[in-house]
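# Observations on chain architecture
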Amino acid sequence: MDQQLKIEMGEQGIVVTTLQELYNWGRRSSVWPMNFGLACCAIEMIATTMARYDLARFGAEVFRASPRQADLMIISGTVTKKMAPQVVRLYNQMGEPRYVIAMGACAISGGPFKQGYNVLKGIDRYIPVDVHIPGCPPRPEALLEAFMMLQKKIDSQPLTGNERPRFLDAGAPGEFPVPEQGEHDLEPPANNLVWPVAAVIR
Amino acid sequence: MVSNPYFALAVLFVAGLAFGLGPLALAWAWAKFFSPRKPNPLKNSIYECGLVSKGDAWVQFRSAYYLYAIIFLIFDVEAVFLLPFAVAFTGLGAAACAAMLVFVLLLVEGLAWAWAKGVLTWA
């Protein structure tokens, strides 16, 4: 429907919408994050939920302590190789539709610990990340910005066609394998479904 | 049937029941017919903070803990009844005092039994 016509009808007191808009509006207005903090970024995440920054304005104040009831996983901090399997398992246990925000330099790339032997160099090696926030740690405003970005992303998702989200696609994978501790590294070092193997140029 | 004075109450009861069960039924129907399903063994596994759960959830507790329950009950029930008894003590008749005495003696008997059994001895 034409946007201009919609505004005109709205002025006359007639609300016009589509099923897709209504569905996405409901989806983006009740994204419940998981009660799950990994490192110092978690402190900023907690601050975001409190009265000063007030994540409740976006319908996301309910932090659920169980992945069964959560929609959004905020990877707030350093993911060590010891913790990575647990993070991936928790992500797997969340119900669809589920979203991931990688918060801070550590979560998106390993950050200052990238050269270390025990830190995962970005959680997007194992699970699909919707929004990345740089920063060490990002301020609460940055998390709010990422949250609004996620809402925009949800809003723009069509419910049919090839661009439809994963949970509406019966053929899309729902399971993301949990890595195991190998001799020197996690096995496998990355999930090729979400992290394409880089070509080796010799 | 309509002339029955309780008819309005019955209507209210049915309406209240529908008010409670209706949303539940709608939620069930929505989950059954429209919700996208992607089950897999990982998702269906027991939730244990991300770790693989160890052992069985159906563990047995030692039956010996019934003693603690009984002793807790003795003191708990006693405290609950003794307080109003003490407050109303000056205005009570002989019969009420005797009834209370019997009640307290019953509980004291339980305590004496536990004492004699050696439950109160630490370790």
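Scroll up a little and you will see the structure.
Below or above, wherever it landed, is the structure these notes cover. (Residues numbered from 1 in each chain as written. Chains lettered and ligands numbered in written order. Predicted model: local features only at pLDDT ≥ 70, side-chain atom pairs only at ≥ 80, totals over all residues. Heavy atoms only, no water.)

### Digging into the pattern of salt bridges
Residue and element names in this part refer to chain A.
- Tallied over the full model, the rule gives eight salt bridges over all chains.
- A salt bridge links lysine 81 to aspartate 185; the shortest N-O distance between them is 3.1 Å. With lysine 81 in the loop between strand S1 (72–76) and helix H4 (84–93) and aspartate 185 in the loop between strand S4 (180–181) and strand S5 (186–187), the pair connects residues that are 104 residues apart, well separated along the chain.
- Classification of lysine 81 by relative accessible area gives buried; the value is 13%.
- Residue class for aspartate 185 comes out partly exposed when judged on its relative accessible area of 30%.
- Glutamate 96 is the salt-bridge partner of arginine 166, the closest N and O atoms lying 3.4 Å from each other. (Salt bridge = Lys/Arg side-chain N within 4 Å of Asp/Glu carboxyl O. Helix = DSSP H or I, 4+ residues; strand = E, 2+ residues; numbered from the N terminus. Buried < 20%, exposed > 50% of the residue type's maximum accessible area, 1.4 Å probe, protein only.)

### Details of the interface of chain B and chain A
- Taken together, the contacts link 15 residues of chain B with 24 residues of chain A.
- For the interface between chain B and chain A, the tally reads zero salt bridges.
- Our enumeration of links across chain B and chain A arrives at nine residue pairs in polar contact (both at pLDDT 80 or more).
- With four residues, helix H2 (residues 41–44) of chain B is the single largest residue contributor to the side of chain B that touches chain A. (Contact = heavy atoms within 4.5 Å. Polar contact = N/O pair within 3.5 Å; in protein donor to acceptor, adjacent residues only side chain to side chain.)

### Describing the packing of helix H3 (residues 41–49) of chain A against helix H6 (residues 140–155) of chain A
Residue and element names in this part refer to chain A.
- Axis separation between H3 and H6 bottoms out at 9 Å; the angle between their running directions is 75°. When the axis of H3 is compared with that of H6, the two are roughly perpendicular. Each of Glu44, Met45, Ala47 and Thr48 in H3 lies in contact with H6, whose residues at this interface are Pro140, Leu143 and Leu144. (Axes fitted to C-alpha atoms, helices over the stretch in contact; angles between N-to-C directions. Parallel < 35°, antiparallel > 145°, perpendicular 65-115°, else oblique.)

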